[in-house]
Structures are given as structure tokens and as C-alpha cells.
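A structural walkthrough
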Amino acid sequence: MMNNLHLKPRELKIISVIAATRSIGDAAALLGMAQANVSKYLSDFETRVGLKVFERTTRQLALTQFGEALLPYVNASLDKNSQLINFIADYKHEKRGKVTIYAPTGIVTYLARHVIHKIEEPGDIRLSLKTYNLDSNEFAEGVTFPDDCDILLTYAQPKDENLVASVLTKYSVTAFATKEYLEKHPLSSPDELIHHSCILIDSMLVDDANIWRFRVHGTEEIRDYKVTGNYICDNTQTALELARNNLGIVFAPKESLQKELIQGMLVPCFTHQEEWWLDLTAIFRKRDYQPWRVQYVLDSVLNCLRQNIAQAAKRRPGQVR
């Protein structure tokens, strides 16, 4: 049935070149094909259609009446196909369009403060920074890659195994408070946290409590501690603000509060650093399926992060990374 007729771009191209040259031999030379193959493509097309496109005169090929009517459609189809190919190539390589980066609150703030302005010559690329704070079950089950996401920086592996997950560094997470709070409410070990005002993160709530993890001092054992408190925040930055005002203890990555630690606004709660180590992981689609703009931003962001991590490690030569 004609409704099932399938037209191949290659045979349309052959018809177009034969029409331009009026010669199968010349068309074969221009197309870099054997003359017999060009003849076969034409013959197969005419057989499937049930109509002759060319008729042979004494010197050259001439379009039939059907061929004359068909040729504009052939050329229009080839032009659209060329436009489609060019569109795909341009889309993959143009330096414009939107790139969306998701990350936890502290990392988003870090990107805005230390990374994004270092992307050289971004052209017309529009960067969208969005917050993605992990739920407690995502640490074990894997993180979901948002539909509009291009790059996800997080502390868990992806659920989708087809995504690329590149570990950038390990982040130390532990408990912090002000000196004033700790002077009024002394604290010597994570076991005592149950009696303290802990500032909770909403996405991590389980039965009105958070689960904080600490490494047992001197071992590699990790223990979970259930903590409660009067303040619940939807992000770590807000929790840090409450902690600065002596309202309780916050559980946060050490890297996200270097300024507070240097200035003495917050201090670690424990003499021994019973920290929990998290892998900071960059998650993205395989590069073969990335538009060029995403690759450009991804490479710029990851290179900057790795440089910053290396510089921070040099400033803390005694720390195990």
C-alpha cells in the first residue's frame, strides 16, 4: 500500500543529483558511489513507487512528467533533512541555552560565592541554580535526578545507573554550636545529644526527630543518634543562623562554615572529631548525550571545585582526605 511507502534520504539525494546532472555516471562520480549502485537505488525506488522518474533519451536522462512534479518535493525533503541535521549539530555545540545545577543549600551557596564567577566566557548560557536537599532515605536508596537537571552535586549515589557519578572529595560532617551555648550546656559525646536542643532539618525528619551519624572515636564504626529540638529548618544555612544565636546545635559539613570556625562564631561540639564523612558527588548524563553548553559548564564547575579542594587540602596538610 502507498501509505506504507518509506522514502530513504539517500535515495532522494540520488534522484536529486541525477536530475541535476542528467547522467547516472556523473551522479555516481559526484556521490562517490559505484554507477551500478546508483542505478539500483533508482530502479528500486521506481519499482516501489510504481512510476518512472526518468526516461532515457539519445544522450541523457530526462525527467518524466511524474519526475518533474516529484523533484520539488524531493529537494524540499532534503532541505528539511539538512536543516534538521544542522539544528542537531548547532544545538549540541552552541554556547547558549539554559543549564540547571541542583545542589544542597550549602553547596549552592558555595557555588555562588566561589565558583560561578570563574566560568570564563559563558556566552549566552543561562545558569539556573536550584536547591536539592536530600531526604534521609536517599543516602541509602540513591538520589533521584530531577527532570530539568543537567548537573547534580550531592552526597549520595544516583538511583539511575545510566547516569555518571564522579566523587569529588569527602566532606566532614559533625556537630557545631557557639562557645556560649556549650558553656551553659556542656557536651562531651554524641550520646548526650538527646538531652540538647538540636536544630533539625525538615527533609530529614523521622518521627519529629533527625538521625545524626558519628564515627566512634578511634574506630571506623558509624553510629546513628536520634536528636530532637524546638527549631526545624528546610536548609542548613538557616539552621546555622539559629546556631549562631545560641539556640542549639547544628549538624553540618565543616567545609560550609570555614568562616564561622575561623572567626570563632561556631566551634566543634566534641574534643575528638567524631565526624561522619560524606562523598561529594557530581552526577550528570553521559557526555555523548550532553549539549555542548552543558559540557562546557560541567567542565568549568568541576575543574574549579577540584582546584579549590586541592588548595584547601594544602592549607590542611595533616587532614586525611
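In short, a report on the structure.

What counts, and at which threshold
Residues numbered from 1 in each chain as written. Predicted model: local features only at pLDDT ≥ 70, side-chain atom pairs only at ≥ 80, totals over all residues. Heavy atoms only, no water. Axes fitted to C-alpha atoms, helices over the stretch in contact; angles between N-to-C directions. Helix = DSSP H or I, 4+ residues; strand = E, 2+ residues; numbered from the N terminus. Parallel < 35°, antiparallel > 145°, perpendicular 65-115°, else oblique. Contact = heavy atoms within 4.5 Å. Nonpolar A, V, L, I, M, F, W, Y, C, P; charged D, E, K, R; others polar. Phe/Tyr/Trp six-rings, centres within 6.5 Å; stacked < 30°, edge-to-face > 60°. Buried < 20%, exposed > 50% of the residue type's maximum accessible area, 1.4 Å probe, protein only. Pairing = 2+ DSSP bridges.

1. A few points about the packing of helix α1 (residues 9-21) against helix α3 (residues 35-49)
Between α1 and α3, whose axes approach to 10 Å, the crossing angle comes to 105°. With respect to α3, the element α1 is oriented roughly perpendicular. Counted together, R10, E11, L12, I14, I15 and I18 of α1 and V38, Y41, L42, F45 and R48 of α3 form the full contact between these two elements. Taken together, the residues of the contact of α1 with α3 sort by class into eight nonpolar, no polar and three charged.

2. Let's talk about the environment of F45
Within the element layout of this structure, F45 appears in helix α3. In the structure, F45 is positioned 100 residues away from F145 in sequence and 46 Å away in space, judged by C-alpha atoms. Setting aside anything within four residues of it in sequence, one finds F45 in contact with L7, E11, L12, I15, V53 and L70.

3. Focus: the packing of aromatic side chains
For the structure shown, the criterion picks out six aromatic pairs. Measuring from ring centre to ring centre gives 5.8 Å for F214 and Y225, while their planes differ by 70°; the resulting arrangement is edge-to-face. A residue pair is termed long-range when its members are at least 10 positions apart, and F214 in strand β8 (residues 210-215) and Y225 in strand β9 (residues 222-227) qualify at 11 residues. Judged by relative accessible area, which is 1%, F214 ranks as buried. Residue classification places Y225 among the buried positions, given a relative accessible area of 12%. An aromatic cluster of three or more residues is present, and its members are W212, F214, Y225, F251 and F270.

4. Details of the pairing of strand β6 (residues 164-177)
The buried fraction of β6 is high, at 10 of 14 residues. Sheet topology places β6 next to strand β13 (residues 276-284); nine bridges connect them, and they run antiparallel. Across the sheet, K170 pairs through a bridge with D279, a residue of β13. Direction of pairing for β6 relative to strand β11 (residues 250-253): antiparallel, over a ladder of four bridges. Across the sheet, the residue bridging to A175 is F251, located in β11. With two bridges connecting them, β6 and strand β12 (residues 267-268) associate as antiparallel partners. Paired with A177 across the strands is V267, a residue of β12.

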